[in-house]
Amino acid sequence: MNAIASPATHYSRLVRALHWGTLLLMIAVYATAELRGFAPDRPARMAVMQWHMALGLLIWALVLPRVGARLVQPLPAIIPPPGRLVHLAARTAHVLLYLFLIVQPLLGLLTAQSGDRAVTIPLLGFTLPNFIGLDRGLHEWTEDLHVALGKAFYVVIGLHAAAALAHHLYFRDNTLRRMLG
């Protein structure tokens with residue numbers, strides 16, 4: 001007897017793990033950025049920033065598997081289907097999210113290296129080679145852009161979370177449940 005494959009009702013475990021893992025890493029990255037000022041001295045602030053940079057690079061390393069899994073695995077259908085405008089808004093938001101996850105860590109790395117800061121990966125105990133060297137103009141430009149995008153991304157993250165809740169509570173579709181498993 002042949003079983004007919006039913007369409008997926010949830011994202012795969014891999015996609016869900018990458019999604020929620022990225023969220024946890026993002027919280028840690030933002031926490032290290034925002035809380036570094038509370039470190040008691042310069043060495044402690046530098047250690048917090050090393051964690052900030054290492055976690056940011058880990059997020060960047062997870063982007064490729066996220067995009068790959070998203071492209072290879074079928075998306076579970078939203079039931080009931082959203083309207084055209086809602087669908088367009090969701091696609092735009094996801095493009096922005098992925099662009100941020102790719103661009104922001106690279107800007108952070110450029111900022112660190114052009115400012116002649118060593119980027120050490122604390123858990124693995126190694127320092128990335130510096131590919132750029134001291135360049136004050138590049139450093140200031142990338143740092144300003146990195147900070148501005150980081151602040152703008154608070155809005156994108158908030159809108160993403162609000163949209164998930166709106167789908168669940170207002171539209172009463174399965175958008176949020178697809179990612180919860």
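Calculation notes
Residues numbered from 1 in each chain as written. Predicted model: local features only at pLDDT ≥ 70, side-chain atom pairs only at ≥ 80, totals over all residues. Heavy atoms only, no water. Helix = DSSP H or I, 4+ residues; strand = E, 2+ residues; numbered from the N terminus. Buried < 20%, exposed > 50% of the residue type's maximum accessible area, 1.4 Å probe, protein only. Contact = heavy atoms within 4.5 Å. Areas by Shrake-Rupley, 256 points an atom, 1.4 Å probe, with all protein chains shown as cover. Lys, Arg positive; Asp, Glu negative; His and termini not counted. Charge placed at Lys NZ, Arg CZ, Asp CG, Glu CD. Patch = residues over 30% accessible without salt bridge, like charges linked within 9 Å, V, L, I, M, F, W, Y side chains within 5 Å. Salt bridge = Lys/Arg side-chain N within 4 Å of Asp/Glu carboxyl O. Axes fitted to C-alpha atoms, helices over the stretch in contact; angles between N-to-C directions. Left-handed = near helix turned anticlockwise from the far one by under 90°. Nonpolar A, V, L, I, M, F, W, Y, C, P; charged D, E, K, R; others polar. Core = buried A, V, L, I, M, F, W, Y, C linked by side-chain atoms within 4.5 Å. Expected span 1.5 Å × (residues − 1). Bend = angle between axes of the 7 residues up to and from the residue.

Engineer: Can you explain the overall build of the protein? Please cite residues and give values.
Structural biologist: The number of helices and strands found in the protein is five helices and two strands. Helices (α) and strands (β) of the protein occur, in sequence order from the N terminus, as α-α-α-β-β-α-α. The buried share of the protein, taken over its 181 residues, is 30%. Expressed as a percentage of contacts within the protein between residues at least 6 apart in sequence, the contacts between residues at least 24 apart total 74%. For the protein, the exposed surface amounts to about 11700 Å²; the carbon and sulfur share of it is 71%. The positive charge centre, built from 15 side chains, and the negative charge centre, built from 8, are 18 Å apart in the protein.

Engineer: Can you lay out a nonpolar patch on the surface for me, pointing to particular residues and giving the numbers?
Structural biologist: A grouping of Trp60, Val95, Leu96, Leu99, Ile102, Val103 and Leu106 is seen on the molecular surface, where their side chains present a nonpolar patch of about 570 Å² in accessible area. Within the secondary structure, Trp60 sits in helix α2 (residues 42-72).

Engineer: Any details on unusual backbone geometry? Residues and values, ideally.
Structural biologist: With an omega of -5°, the peptide bond between Ile79 and Pro80 qualifies as cis. Within the fold, Pro80 resides in the loop between α2 and α3 (84-114).

Engineer: Any chance you could break down the packing of helix α1 (residues 13-35) against helix α4 (residues 136-171) for me, citing the residues and the numbers?
Structural biologist: Between α1 and α4, whose axes approach to 13 Å, the crossing angle comes to 145°. Relative to α4, the crossing made by α1 is left-handed. Here His19, Met26, Tyr30 and Glu34 of α1 lie close against α4, whose contacting residues are Gly150, Phe153, Tyr154, Ile157 and His160. Residues that form the contact of α1 with α4 fall into these classes: five nonpolar, three polar and one charged.

Engineer: Could you give me a rundown of the nonpolar core, with the residues and numbers involved?
Structural biologist: One finds Leu25, Met26, Val29, Tyr30, Leu55, Ile59, Val63, Leu97, Phe100, Leu101, Phe153 and Val156 forming the largest nonpolar core, which totals twelve residues. Those elements giving two or more residues to this core turn out to be α1, α2, α3 and α4. Ranked by residue count, the leading element in this core is α1, at four residues. Excluding its chain neighbours within four sequence positions, the residues that come into contact with Leu97 are Phe153, Val156 and His160.

Engineer: An account of the side chain of Arg66 is requested, with residue identities and associated values reported.
Structural biologist: The residue Arg66 is located in helix α2 in this model. At 17 Å, Asp173 is the nearest oppositely charged side chain to Arg66, a buried residue that forms no salt bridge. Those residues in contact with Arg66 that sit more than four places away from it in its chain are Leu18, His19, Thr22, Tyr98 and Leu101.

Engineer: Lay out the side chain of Thr142 with the relevant residues and their values.
Structural biologist: Along the chain, the position of Thr142 falls in helix α4. When its relative accessible area of 0% is taken as the criterion, Thr142 is described as buried. Setting aside residues no more than four positions away along its own chain, Thr142 makes contact with Leu107, Leu110, Thr111 and Ser114.

Engineer: Now, about α3: what can you tell me, with residues and values included?
Structural biologist: For α3, spanning 31 residues, the distance from its first C-alpha to its last is 44 Å, which sits close to the expected 45 Å at 1.5 Å a residue. Approximately 25° is the largest bend angle found in α3, and it occurs at Phe100. Just downstream of α3, Asp116 is the residue with a positive phi angle, here 65°.

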